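Listed here are the chains, written in short residue letters.
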Amino acid sequence: MKPLTNSATTPIKTIWLQRWGMLLCLLAYGTVLESQPAFAFTSSAQIQEQISAQEGNSDASSDASDEESSEPEIENSPYQYEHLATDLAFPWSLVFLTDNTMLITERGGMVRHLDSEGSEINQFMPPLEDLWVSGQAGLFDIALSPQFSRNNTVFLSYACGTANANNTCLARLTWNGETLEDAQVIFRAAPAKRGSAHYGGRIAFMPDNTLLLTLGDGFDYREDAQRVANHIGSVVRIEQDGSIPADNPMLASSSAKPEIFTYGHRNVQGIAWHPEQQRMFISEHGPRGGDEINRLRSGANYGWPLITDGLDYTGALISPYKQLPGLTAAEFSWTPSIAPAGLAIYYGDMFNEWNGDLLVPALAGKHVARLRFRTRSEIILSLPEHAANLDNAGAHKPLQLEEILFTELNQRIRDIRVHPQTGALYLLTDSAAGSLIKVTPSDE
């Protein structure tokens, strides 16, 4: 297997320099924390309610979402909306099979098998023995192996464990034409933690067929996102059998988890490979403000919680820094938060003027944001030039917001997928009566 660009093993000298720089950042961060007010007027219940409203906790969002689950009357829209399924219980992810049918995961643990018109063929519970469902915890993403036509292999991410000891797991299963079977857990994030928030859970494949899995910071464990001795707040890279790629960036450090590809993340909820830019992009939840789009670089630290544009849910300052040396700043950010819940790179004939654009579904924002690179024909900057631009507050960021889409649906949008043949868009809405919505251009 050929090494990835800029993913060669990090020299030991560089690792020590990074550790010294990180120690200085952590000392500064600790000083900031000590200077913050306690904000005792905000109860833990109020904080949890704010988290739930933004980030998709079913307990808090179900009432409002249920009221919006009926098909809205939309006039003079440039888009045609076809509700293919309207009885999905908090759907999370969608994948198109080679026979043009679809598999949809629901957070409660069910997988729906639908035909191309949205009619249900069957539904089933995949054999995940330690699946744990509570709050944001449950069944997450579904992805086909790049060799699916030969091996029928499907990957599922999910919350595993118990209320007092859980984290994100990844299972490899086999599709037999009717159901998923032969589940094998190939990765389990460590350590186990309490709570039911911030799991990450999105899956993507690199061009060399290695697998990336996004992970969250568990909400109460955000400082651990800066510690590579655990998986919290990281993106991990593994082979499809769960083994460690020989060129992973942390292999030179005996104290680091060898699966880690990047770290310093809060809660990565979208991931997609951009074939034109030859880079992997992610969408990531901030707290109150500071949602981000980031471009993954092997071994990079994305700064959470040392740098952020957002505030804590109490209103307290998390960090005074939006940039620090050695930490990778965002390609694009939102304040106030929109709660980005997925990510797709558009290529297709149906909306060909969008080719190469990033499509970001939003929970709190109830829309899809379309982002475009500022200079479409320009070859992407070298990594040193790009890093210098990100560190320069006056420099133009590579992405700009081009358009806000589908606000007329008035729905929390959990996921977006592009049909590989037609270029039509498929949306999953976050509700106890969630919908699968096909989007095409209006005939008008």
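Residues numbered from 1 in each chain as written. Predicted model: local features only at pLDDT ≥ 70, side-chain atom pairs only at ≥ 80, totals over all residues. Heavy atoms only, no water.

Enquirer: Outline the nonpolar core, supporting the account with residue identities and numerical values.
Expert: L103, L128, V154, L156, Y158, W175 and L180 are the most contacted members of the largest nonpolar core, which totals 19 residues. Looking at this core, the elements with two or more residues in it are β6 (139–144), β7 (153–162) and β8 (165–175). For Y158, the contacting residues outside a window of four places in its chain are L128, D130, L131, G138, L139, F140, N167, T168, C169, L170, A171 and V185. (Core = buried A, V, L, I, M, F, W, Y, C linked by side-chain atoms within 4.5 Å. Buried < 20%, exposed > 50% of the residue type's maximum accessible area, 1.4 Å probe, protein only. Helix = DSSP H or I, 4+ residues; strand = E, 2+ residues; numbered from the N terminus. Contact = heavy atoms within 4.5 Å.)

Enquirer: How would you sum up the environment of Y81? Please name residues and give values.
Expert: Inspection of the secondary structure assignment puts Y81 in strand β1 (residues 79–88). Judged by relative accessible area, which is 14%, Y81 ranks as buried. Measuring from C-alpha to C-alpha, the distance between Y81 and V439 comes to 5.0 Å, with 358 residues separating the pair along the chain. Only 2.7 Å separates the side chain of Y81 from the side chain of E408, close enough to count as a polar contact. (Polar contact = N/O pair within 3.5 Å; in protein donor to acceptor, adjacent residues only side chain to side chain.)

Enquirer: Give a description of the state of the cysteines that names residues and reports values.
Expert: The full count for this structure, using the stated rule, is 1 disulfide. In this model, C160 is linked to C169 through a disulfide, with the two sulfur atoms separated by 2.1 Å. The S-S bond linking C160 to C169 shows a torsion near 75°; that makes this disulfide right-handed. Judged by relative accessible area, C169 falls into the buried class, the value being 0%. (Disulfide = S-S within 2.5 Å.)

Enquirer: Describe the sheet that holds strand β20 (residues 368–373), naming the residues involved and giving the relevant values.
Expert: For sheets, the rule is that strands pair by backbone hydrogen bonds, running either parallel or antiparallel. The sheet built from 4 strands is open, its strands ordered β18-β19-β20-β21 with antiparallel pairing. Edge positions in the open sheet fall to β18 (344–345) and β21 (399–405), since each of these has one partner strand only. Summarising the sheet, strand β19 (residues 358–361) and β20 pair through 4 bridges and their orientation is antiparallel. Across the sheet, L359 pairs through a bridge with R370, a residue of β20. (Pairing = 2+ DSSP bridges.)

Enquirer: Run through the pattern of salt bridges, naming residues and quoting values.
Expert: Going through the model one piece at a time under the given rule, you end up with 20 salt bridges. One salt bridge connects R237 with D208, and the closest N-O pair in it is separated by 2.8 Å. With a gap of 29 residues between them, R237 in strand β12 (residues 234–238) and D208 in the loop between β10 (203–205) and β11 (211–214) connect regions that are remote in the sequence. The salt bridge partner of E223 is R222, with a shortest N-O separation of 3.7 Å. Residues joined in a network through salt bridges with shared partners are D87, E106, R112 and E120. (Salt bridge = Lys/Arg side-chain N within 4 Å of Asp/Glu carboxyl O.)

Enquirer: Help me get a handle on the sheet that holds strand β2 (residues 91–96), residues and values and all.
Expert: Spatially, 4 strands are ordered β2-β3-β4-β5 in an open sheet, and the strand pairing comes out antiparallel. Edge positions in the open sheet fall to β2 and β5 (120–124), since each of these has one partner strand only. Taken pair by pair, the neighbouring strands of this sheet meet at an average axis angle of 20°, ignoring direction. In terms of strand pairing, β2 meets strand β3 (residues 102–106) through 5 bridges, oriented antiparallel. (Axes fitted to C-alpha atoms, helices over the stretch in contact; angles between N-to-C directions.)

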